[in-house]
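# Overview (structure and organization)
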Amino acid sequence: MAEAFSLIHSDRSCLGEQSVSSQSGNRSVRVAEKERRKNEAEDSFVLALKYFTDVEAGTPVTGNDDFENHLVQVEKVAYSRGLAPEAIATMLEFAMSSRMGNGPCVRVLKCLLPASVVPQDCVVRAVAWLCVGKIPVNTKVLFVKWVLTVFDMIEAKDQLRAVYGFIFSFVTEETLCPFICHLLYLLTRKESVRVFRVRKLLELQSKLGRQPFLLHLLSLYKVFCPELVTLSVPSRMRSGFKNHVNPWKSALIGVQKRNGLQVASGISLTVASKEKTNSRKRKLCHLELPAMNSVVNNEAKTEQSYSLKVVPLVQINSFAQLLENMHRIELPAQMGSLLSSSLALQYLDCVQDESALLRLNFWLGHAFQEEFLFSGDGGACQNSEETLQFLNRLLCAQNFLQEGFYSSETFLYKFLTLWDGSLFRPQILGLLSNIPVIPSSQIERLVFEPLKQLYFTSSLFFKCGLLECMTNMLLRWLTWHSVYALEDDLDISLNSHTSINMTLSGFKDSVMELIHFVGHLACVGLRLEGCHSLLLSFTLDFYETVCDTFLKYGLPLLVMPPPGVFYPAFLATETVSVDRLAFIMHRYKINLASAKSQEKLTEQAFHISRQTISEFNHYVVVMVNCLWNSKMFHTGPGVQLREELLVKSNVPQYWKRFDLIHHHAFMSYAFDFHNQCWPGRKEVDLSVIKHSKPWGWYVEYLFTMGFDGLKQFVQTLISPQLPAGITQNQNQQT
Amino acid sequence: MDRATTSAASTPHRSALVKRRSKSKSHRQSYRSCSGGAASRIGLTPALTARRLNTSRKAPKSLNITERVNAEHLALLVKTKWKLCYATPLYQFRHTMLKSYARQLSAFIVAEKQRGLAVEVEGAQNHFRASFSVLQGLAEADDPETILIQIHSKPLFSSSEEPQRCVWSGWLSCINGNLDYLHSLPQGFTCLPLFGSSGTEVLTTLVKSWCQKTFDCSFGPLEINYTSLQWFMALLTNCHTESNIQHLKMIWSIPVEPPLQVAFTVSPQDAWELWSSVRTATRDLADPGGCIDFEEVERFTQGLKSHFYRHFRLDLSAGSLKEVSTALGGASINGRVKISNSRYMITTLALLTECALLKMPI
């Protein structure tokens, strides 16, 4: 004990030194003075504790000035800094032994504010004193309340658990019972649940009626031993034990704050009982997540395997516990309950048991079909709040697992043909984007057909939503490929694993189908919506993924966007679309170049079709001709207009209309640039910029405006050092 | 209650038939593999191979099951009108643990009846007593044995000597279940897709929720759709030569304002003659064991409809068939059936099992 105090002492002086060194003359004197007083106070505190340790039984309280002074001393320290573990032990022993009668006992208990931890053995000793029976009942209650308050600060609980039976015996004392139940609740382990205890509690229940504290303790017993007791918690029952008003709470928080400790959460220990969000009775409750319960296993005693000592998942409360018991966790009785907690999802990620996943899928599939497919009278609309919650939770789980559940996939195939495209749109599209790769022979019928119908008859926002969903789907497929492609190869060499049925070419076919499908949707959609910039943006999002399939995801496949996507993007009025298109072309170029070089290196690498390359070259030529060389409608396939038609349009110098200066997306930048370069000039002549020097500056200027896509496009596809003609030829050779 | 038979029955183990994966590394793979031995992780999606109602089935053999099935049980099955539900496969159901299930269910019912009061499982509850027993003699081939659940109780104000009487009964059954489907389930699952109940709705809900909690299964209402009702009609009419159907009664509902219900009763002889006429000529009518095709069934219904049209100028195709009944049994669209003759029980239950299996989410 003395050591501990000197420790505090030296701490203080150390602090004092620091402050002395950092502060100037007369203040340091003041500090030193303060320090001295503090030391005196500490000395008297040590004396006080010594007094309470040594005081003899039967010493009178009234008129005992020594006692009064010492107790005041202790209280002062307790309320300001809290008591050290040894001080707690001394004072608790003093109070519970009732050496000076019961009067001081309450007062002492009230000031037992621990500074850090509470030693376990002193609590056990106190429980022993409790059994002696000299203490009046309200003091007993106060003590148990105190234990509940500081429960989390008791350093270990093993000895306390060892006297579980003694503590349990107090449940028969009526006033003490609620608090004892709470304490037992905190101490209970599986081995403490016994038939005779269950009987005792049930007996009490029949005497006292349905008391929440009894019910909470019994429900915990049920968690550990469902074969012994059963009950159903009424929905109206308040969760948790009543957070009894106790004298320590605010003082303890104050002490802990002063000591810079984290405020103990132990004060508000509650039962994690199921909260019903909706008291309204629902006839159909298939969307309600089942509560997590452990399996009732009566075979346990006979079965050998039980000796492995499994831990039901419901008893796991923290990630650390989960890791510790990973190898012997028992799944709950209802797999659907796993979706309700994030901890359980962590475990689900590692579940290898087929039947467990099948159970989950049965439950989920049933919920889906009852809610959406069989409800008939638009049941989904009536319970939209619950349905929404359910779907969001499911999506959350799927996103966490980064994989869709099999039954939600099966459900979607059936549901897409019935869907109106607006019911829970974000959620359904979210589920859809989680669908795993579908064989190309089935993809059309299962997914594309119904989606096409919805797409062409729905609003712009649905179109955008669907494109986003398809982008996510593609991303998932590609990610899946890049993760598992390697493993699959390994598997083939290890054993003839049947799961590798989907060959690379099969997978490529599916991805290609998807890309072509989205290309088709985007083309027609852009035409229908008048090249709406929002739709264009979602389309470009998609192609930003498509252009990088080879380098980013290692899939030997490159698909160019159709002209119906390329031209609207290139001729868009927003600079950002042109810039993104330039970026996409730049990525295509890099992907194609690296694929080419690999092709040369290894025979195995995929062969890029001529078609793809010529498409790419064509697009690049168009872009370079228009933006750079001012040669709109010059040559080549694609958009061609007869000369006389162009003349008839009366557009002066029509071939220049889409260069970097005159392109409607860039014209405002050209004006700005012109104004900055030649601030005095009244007449704006943009063609001045075309001269080689200002052109270079202009391009630089555009780069500084944040058009990184354009910059990369220029750097990879137009080498500024070379005359434009040569670059073009080079490109065509690629 | 026959305890001896209870323990004798056992849950079929199909370990030999279930091919287990050596390992499964991704969710998708394991999800996939759940779906009935689909070999590939990505390949076959079982949704694509949807189960369908059989288009052809054997004509009901008049099976004398009175020798195979306990008379008391059979009497219960025959005299009661059952409300049907489908149930997804039960997990970890053991035919050997029925006694323990009975205890748990009794305690569960008592606990639910007095919410907020804990109940000891092992103790004697005298208010409600559940019992589980095996209905032996119904299952065919690889079907798991049918389970009969009964709940006994005493009326609230009754003397203590008065015996408890059965207030609720129900059964879980699978008769001639699709073998591919049954075999595709991994070990640990028992497929008893057809759930019939008779008694108060409250107890039905309690039994269902106890099953959900204990066997991780789900229940949903089982409607008997138009196709199945037509089958019902044809199969029953087909039995006429062996046991008189007395009458063939249909209830149609016509969507007009105000709604019109048509009760259409055909005399047994007329029905039989119509049925004989639509049977494919090549088949030997004397052999009732032959196959019946769905086309014949459709022709039969069509014949009945056109007969009605000729007399009343009302085309029944515009409405929907709600109910059919004969002296041998009846069924209605909302999933209520009555099997009045034990000889055709197996056939009827097989048809209903098929309907229930169609409802399986996976």
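Residues numbered from 1 in each chain as written. Chains lettered and ligands numbered in written order. Predicted model: local features only at pLDDT ≥ 70, side-chain atom pairs only at ≥ 80, totals over all residues. Heavy atoms only, no water.

Moving on, we come to the overall build of chain B. Across its full length, chain B holds 10 helices and 16 strands. Burial statistics for chain B: of 362 residues in total, 56% are counted as buried. A sequence separation of at least 24 residues applies to 70% of the contacts in chain B between residues at least 6 apart. Only carbon and sulfur atoms are counted for the fraction: they give 51% of the accessible area of chain B, which is about 15300 Å². (Helix = DSSP H or I, 4+ residues; strand = E, 2+ residues; numbered from the N terminus. Buried < 20%, exposed > 50% of the residue type's maximum accessible area, 1.4 Å probe, protein only. Contact = heavy atoms within 4.5 Å. Areas by Shrake-Rupley, 256 points an atom, 1.4 Å probe, with all protein chains shown as cover.)

Attention now moves to the packing of aromatic side chains. A complete count under the given rule lists 47 aromatic pairs over all chains for this structure. Note on B:Trp210 and B:Phe215: the rings are 5.5 Å apart at their centroids and 85° apart in plane angle, and the pair reads as edge-to-face. The burial state of B:Trp210 is the same as that of B:Phe215; both residues are buried. Aromatic rings pair up to connect A:Trp363, A:Phe368, A:Phe372, A:Phe390, A:Phe411, A:Phe415, A:Trp419, A:Phe424 and A:Phe462 into one cluster. Across from the ring centre of A:Phe151, 4.8 Å away, lies the NZ or CZ of A:Lys157, which sits over that ring. The ring of A:Phe374 has B:Lys359 sitting right over it, with the charged end atom 3.8 Å from the ring centre. (Phe/Tyr/Trp six-rings, centres within 6.5 Å; stacked < 30°, edge-to-face > 60°. Lys NZ or Arg CZ within 6 Å of the ring centre and 35° of its normal.)

What follows concerns the pattern of salt bridges. Residues and elements named next belong to chain A. Tallied over the full model, the rule gives 16 salt bridges over all chains. Linking Arg580 and Glu544 is a salt bridge whose minimum nitrogen-to-oxygen distance equals 3.0 Å. Of this pair, Arg580 sits in helix α27 (residues 575-601) while Glu544 sits in helix α24 (residues 533-546), and the two are 36 residues apart along the sequence. By relative accessible area, which is 26% here, Glu544 ends up partly exposed. (Salt bridge = Lys/Arg side-chain N within 4 Å of Asp/Glu carboxyl O.)

What follows is about the nonpolar core. Counting 142 residues, the largest nonpolar core has A:Leu348, A:Leu432, A:Met585, A:Tyr588, A:Leu660 and A:Tyr698 as the members making the most contacts within it. Core analysis: the second largest hydrophobic core is formed by 108 residues, A:Tyr406, B:Trp171, B:Cys191 and B:Leu357 among them. (Core = buried A, V, L, I, M, F, W, Y, C linked by side-chain atoms within 4.5 Å.)

With that settled, consider the environment of A:Pro332. Residue position: A:Pro332 is located in the loop between β3 (329-330) and α15 (342-348). Between the alpha carbons of A:Pro332 and A:Val296 there is a distance of 9.7 Å; along the sequence they are 36 residues apart.

Take the domain arrangement of chain B next. All names here are of chain B. Domain assignment breaks chain B into domain 1 (25-49 + 69-221) and domain 2 (224-355). With 18 residues of domain 1 at the contact, the number on the domain 2 side is 15 residues. For the domain 1 and domain 2 pair, buried surface summed over both sides reaches about 1500 Å², with 68% attributable to carbon and sulfur atoms. Applying the counting criterion to the domain 1 and domain 2 interface returns 0 salt bridges. On inspection of domain 1 and its partner domain 2, the count reaches 5 residue pairs in polar contact (both at pLDDT 80 or more). Where the side of domain 1 that touches domain 2 is concerned, the elements lending two or more residues are α3 (71-79) and β2 (81-87). Looking at side-chain class alone, the side of domain 1 that touches domain 2 contains 11 nonpolar, 3 polar and 4 charged residues. (Domains from an automatic or database assignment. Buried area = accessible area lost by both parts, 1.4 Å probe. Polar contact = N/O pair within 3.5 Å; in protein donor to acceptor, adjacent residues only side chain to side chain. Nonpolar A, V, L, I, M, F, W, Y, C, P; charged D, E, K, R; others polar.)

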